[in-house]
Amino acid sequence: MTSLKEICRGLPLYPLPENRGRRKGIPHAPVRTPNLTAQEKKLALRNALRYFPPEIQKKLALEFAEELRLYGHIYMYRFFPDIEMRAYPIGDYPCKTKSAAAIMLMIMNNLDPSVAQFPQELVTYGGNGQVFSNWAQFWLVMHYLSEMTEEQTLVMYSGHPLGVFPSHQYAPRLIITNGMVIPNYSTRDEYEKMFALGVTMYGQMTAGSYCYIGPQGIVHGTVLTVLNAGRRYLKVEDLSGKVFVTSGLGGMSGAQAKAAVIAGCVGIIAEVDEAALLKRHKQGWLMEISNNLDHCIARLKDARKNKIALSLGYHGNVVDLWERLVYELDTTGELLVDLGSDQTSCHNPFSGGYYPVQLGFEEAKQLLSTNPGKFRTLVQESLKRHVAAINRLADKGMFFWDYGNAFLLEAQRAGADVEKRGANKTEFRYPSYVQHIMGDIFSLGFGPFRWVCTSGDPQDLATTDSIAMSVLEDSIRQGVSTSVKQQYHDNIRWIREAGRHSLVVGSQARILYSDQRGRVSIAVAINRAISEGRIKAPVVLSRDHHDVSGTDSPYRETSNIYDGSAFCADMAVQNFVGDAFRGATWVALHNGGGVGWGEVINGGFGLVLDGSKEAEERAKMMLSWDVSNGVARRCWSGNDYAYETICQAMKENSTLKVTLPHKVVDENILEQAMKH
C-alpha cells in the first residue's frame, strides 16, 4: 500500500508499478468513441508519452495504444495509485503550506470510491466529469503541491499541470482552466477527439475544480426545489402523500432519494445501473430497491395513501416507469404522480449519460462501443417516448420541470413534443427549475455555499453547523425582508436536520444555501472559532458553480435572464477573475458542466480559513464579490428581487456602486418608435 509521502514524490518510474489494468468490482466509465484517424492516434500516444523519459516509452507505448483501442482514451491504469483514496486529515499531508494540503485533501475526496462515479477513470460525477485526464497528472500535481510555497502558484490546463510559477502570498495558490476551447470548435465531436488526444478535459463543475462533496452537494438544492415546487404548483407546504417521480442515482442525481425523504414526499427514482442503486442504498441514501414495476406501483400507492415518506429506487429504465404510470391512468383513471423531473446525464446523451429504453443496460453499453450511430438513434427514439409519456400525465395535472441536465434540449433535438409556441429559444413546454423556482432564489443572492472541515473530525462539522444556525437566527432577529426570511427559515430547518439524515459521504462537509450576508457572517464566525481552538483545523469554503454568479448557462442558471444576454458569459468569467484577486486560495473556470460541453461557462473557488485575521479579510472581500456580481447582473436584466437585493447591499456598503436599470414604463413608445 502506497503512503501519502510516496504519492508526493512524483511519478513512480524506477521501478515502474505493476500494470493491473482495469480493476474488477468497481464501476467504469463507458467506452469512448473519438473516431481518431491513424495520425491522430499517433498524436494521442505521443502526447501521453511526454510525461515519461525515453528509456521507458517503448514499454508504455504498447499498453497506452491498447487503452486507446479498448476504451477510447489513455487513462494510464498502470499508475492508478495503490492507496486508500480518501480525504485524510490535513495534518497528514507532507506539505509546506496548509493551502496546498487543503487542495490535496479536496482532490483525494473527489477520487474517493465512495464519492466518485468512476474512480479509476478519474470521473467524479455526471458520467464524464473529470478530475484529471490521466493518472500521470495526478502524481505530478500531488508532487507540486507538496513542494510549493506561499510564493508560488500552480497552473492547471485542462487536467495538465503546466507548472509552479513564482507569484506572491496574496495570489491564489492554484489556477485551473478546463475546456477553454475556441468557440467555433467547441462541439461534442471535436471534444471527443481533443479529450482522446489529452489536450482538453470536461471538468463538469466541481469535479475539475476539486470542490465536490458527494451527493450532499446537491441535496439541499434538491430539497429546496421540491419544497418550492410544492408551494408553487400544488399550493401546499406539507408534501406528505405527494409523489415525485424522476430518474438518476449516480453522482449528483444520487441526492434525489434523500431529498424526497427530507421533503416528506414519496420519491420513486429510476436507475438503469444496479451498482449505483446498491451504492446509494448501502450509504443510506435510498430506502428500498425493486426491479418489479408491479411492486413499485403497489409501494407508491401504499405510501401515498398512508402519507409515508419513502425513497424507492426502481432498477430499470425511467421510460418504462413513466409509461407504466400512463397505463395506470388509462386503466384506472387515477393520476399517481404529482411532481416529475429527470436527472439522467442528458448533457452527455450519446456517450453513456442516457440509456435507451429499447435495450437492457449491458446490451446498451455494448452497442455504444460497437455501433455509436445506432446507439444515438435509439437514444433519440427513447427520448421521444419519454416525453410522450410525461406529456400525457402533465395534461392530467402532473407538474414537470427540467432539472437543468439538458433533458428538454436533447428531447427537442430528437424531435420530441416539447415546444412552447411563441417563446424564446431558452423556453420549452415545461420550465427549467431555475425559471420557476431557483431563479428568484439566486436573485435574492442565495446559492449553494459549502464548507469542508479538514480535520476530518465529525465534531468539527457539528460545531460549524451550530455556528451557522446561530448566525441565521441572529440575522432574522436583526431584521430581513419577508422573502429572505422564508429562505432563512428553510435553511435553519435544513441545518437542524442535517446531522440526523447522515448526509456526509467522503469529507466532513456541509452545504447550506445562503445569501451574501449569511455567507460572510458564517465564514467570519467559523474563522474565529478556528482561532479560538473550538475547531481543530482549517476549514475550506467553496460553493457549487451552479450559483448566483458562477455560471452562465442559458438553459439552466441564466434561463430566467430575458434581456437577450442569457447566451453571454461575462458574469462567469468576471467572477473567476474577481475571486482570484480578492482572496481565493484557488479558482477554476470551465467550459461545460450541467447541460453539456459548449453550452455553458462556469467557475468556482476554494478559500482556506485558518483562523488568521488575513483569512477573515479575504473571506469578507471575496464572498461579497462572489455574490454581488451575479445579483448586479440579474438586476440589470430586469429581475425585481435582484434590484431590491443589490440596493440593500449598496446601503450596507458605501463603496459598492452598481448601475441600476430604468424600466420602460410606457411600452407604447417602443411600438411608436418602430413605426418611424
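Provided above is the structure to which this section pertains.
Residues numbered from 1 in each chain as written. Predicted model: local features only at pLDDT ≥ 70, side-chain atom pairs only at ≥ 80, totals over all residues. Heavy atoms only, no water.

A.B. asks: Would you explain the overall build of the protein chain in this entry?
C.D. replies: Each helix and strand counted, the protein chain has 23 helices and 17 strands in total. Computed over C-alpha atoms, the radius of gyration of the protein chain comes to 24 Å, within 12% of the 26 Å expected from 2.2 N^0.38 for 676 residues, which places it in the range of a compact globule. Considered along the principal axes of its C-alpha atoms, the protein chain spans approximately 70 × 65 × 60 Å. Across the protein chain, the fraction of contacts at a sequence separation of at least 24, relative to all contacts at a separation of at least 6, is 71%. Of the side-chain charges in the protein chain, 71 are positive and 71 negative, and the distance between the mean point of each set is 1 Å. (Helix = DSSP H or I, 4+ residues; strand = E, 2+ residues; numbered from the N terminus. Rg over C-alpha atoms; globule rule 2.2 N^0.38 Å. Contact = heavy atoms within 4.5 Å. Lys, Arg positive; Asp, Glu negative; His and termini not counted. Charge placed at Lys NZ, Arg CZ, Asp CG, Glu CD.)

A.B. asks: So what exactly am I meant to see when it comes to the nonpolar core here?
C.D. replies: For soluble globular proteins, the rule of thumb is that nonpolar side chains tend to be buried together. Residues F52, F64, F79, I107, F138, Y210 and W451 are the most contacted members of the largest nonpolar core, which totals 149 residues. Each residue touching F52, except ones within four places of it in the same chain, is listed here: L11, L13, Q57, L60, F64, M76, F79 and A136. Grouped together as the second largest cluster of nonpolar side chains are 57 residues, V357, A364, L408 and A414 included. (Core = buried A, V, L, I, M, F, W, Y, C linked by side-chain atoms within 4.5 Å. Buried < 20%, exposed > 50% of the residue type's maximum accessible area, 1.4 Å probe, protein only.)

A.B. asks: Honestly, the environment of K5 in this entry has me stumped. Any pointers?
C.D. replies: Topologically, K5 is positioned in helix α1 (residues 4–7). When the C-alpha positions of K5 and H143 are compared, they lie 9.4 Å apart, and in sequence the two are 138 residues distant.

A.B. asks: Help me understand the sheet that holds strand β8 (residues 288–290), please; the structure alone is not making it clear to me.
C.D. replies: Within a beta sheet, neighbouring strands are joined by backbone hydrogen bonds and run either parallel or antiparallel to one another. Here six strands make up an open sheet; going across it, the order is β8-β9-β7-β6-β10-β11 and the pairing parallel. A single partner strand is all that each edge strand has here, and the edge strands are β8 and β11 (399–400). As defined by bridge partners, strand β7 (residues 266–271) adjoins strand β9 (residues 310–315) across six bridges and the pair is classed as parallel. Note that in β9 the partner of I269 across the bridge is G313. (Pairing = 2+ DSSP bridges.)

A.B. asks: Mind showing me how you'd approach the packing of aromatic side chains here?
C.D. replies: Two measures describe an aromatic ring pair: the distance that separates the ring centres and the angle between the ring planes. Taken as a whole and assessed by the stated rule, the structure comprises 27 aromatic pairs. Between F446 and Y488, the ring centres sit 5.7 Å apart and the planes meet at 80 degrees, which makes this aromatic pair edge-to-face. Of this pair, F446 sits in the loop between α16 (433–443) and β12 (447–453) while Y488 sits in helix α18 (residues 482–498), and the two are 42 residues apart along the sequence. Take Y488: its relative accessible area is 0%, and that puts it in the buried class. Through pairs of rings, three or more aromatic residues link up here, namely F80, F132, W135, F138, W139 and Y210. One cation-aromatic arrangement involves R86 over Y88; the distance from NZ or CZ to the ring centre is 4.0 Å. Sitting above the plane of the F350 ring, R376 keeps its charged end 4.1 Å from the centroid. (Phe/Tyr/Trp six-rings, centres within 6.5 Å; stacked < 30°, edge-to-face > 60°. Lys NZ or Arg CZ within 6 Å of the ring centre and 35° of its normal.)

A.B. asks: Would you explain helix α14 (residues 372–395) in this entry?
C.D. replies: For an α-helix, the turn length of 3.6 residues means that residues three or four places apart are oriented alike. Helix length check: α14 (24 residues) gives 34 Å between terminal C-alpha atoms against 34 Å at 1.5 Å per residue, within 8%. When we look at burial in α14, the residues that qualify are F375, L378, V379, S382, L383, H386, V387, A389, I390, N391, L393 and A394. Among the structural elements, α11 (318–332), α12 (349–353), α13 (361–370), β11 and α15 (407–414) are those in contact with the buried residues of α14. Directly after α14, the chain includes G397, whose backbone phi takes a positive value near 125 degrees. (Expected span 1.5 Å × (residues − 1).)

A.B. asks: In this structure, what is going on with the pattern of salt bridges? I would like to understand it.
C.D. replies: Between side chains of opposite charge, pairing is possible as soon as their charged atoms come close. Counted according to the given criterion, the structure contains 45 salt bridges. Of the charged contacts, one joins R519 and D547 as a salt bridge, the two residues approaching to 2.9 Å between their closest N and O atoms. Residue R519 is located in helix α19 (residues 516–531), and its partner D547 is located in the loop between β14 (539–543) and β15 (551–552); the two are separated by 28 residues in the primary sequence. Assigned by exposure class, R519 and D547 land together as buried. A salt bridge links E617 to K620, with the nearest nitrogen and oxygen atoms 3.8 Å apart. (Salt bridge = Lys/Arg side-chain N within 4 Å of Asp/Glu carboxyl O.)

A.B. asks: What exactly am I supposed to notice about the packing of helix α2 (residues 38–49) against helix α3 (residues 54–71) here?
C.D. replies: Running from N to C, α2 and α3 cross one another at 130 degrees; their axes reach a closest spacing of 10 Å. One finds that α2 runs oblique with respect to α3. Between α2 and α3 lies a crossing of right-handed hand. Between α2 and α3, the residues in contact are K41, A44, L45, A48 and L49 and Q57, L60, A61, F64, A65 and L68, respectively. The class makeup of the residues in the contact of α2 with α3 is nine nonpolar, one polar and one charged. (Axes fitted to C-alpha atoms, helices over the stretch in contact; angles between N-to-C directions. Parallel < 35°, antiparallel > 145°, perpendicular 65-115°, else oblique. Left-handed = near helix turned anticlockwise from the far one by under 90°. Nonpolar A, V, L, I, M, F, W, Y, C, P; charged D, E, K, R; others polar.)

A.B. asks: Just to check I follow, could you spell out the pairing of strand β3 (residues 152–157) for this structure?
C.D. replies: Within a regular beta strand, the side chains point alternately toward one face of the sheet and then the other, so they alternate between its two faces. Alignment of β3 against strand β4 (residues 160–166), held across six bridges, turns out to be antiparallel. For Q152, the partnering residue across the bridge sits in β4 and is P166. Counting the residues that bridge the hairpin from β3 to β4 gives two residues, and of these S158 lies at a positive phi of roughly 45 degrees. Taken together, the four bridges between β3 and strand β5 (residues 174–178) define a ladder with parallel strand orientation. Across the sheet, the residue bridging to V155 is I175, located in β5.

A.B. asks: Is there a simple way to think about the packing of helix α7 (residues 216–234) against α16 in this case?
C.D. replies: To characterise two packed helices, one gives the angle between the axes of the helices and the distance between these axes. The geometry of α7 relative to α16 is characterised by a closest axis approach of 10 Å and an angle of 110 degrees between their N-to-C directions. In terms of axis orientation, α7 runs roughly perpendicular to α16. Considering the relative orientation of α7 and α16, their crossing is right-handed. Residues G221, L224, T225, N228, A229, R232 and Y233 of α7 form the contact with α16, whose participating residues are Y433, H436, I437, M438 and I441. The class makeup of the residues in the contact of α7 with α16 is seven nonpolar, four polar and one charged.

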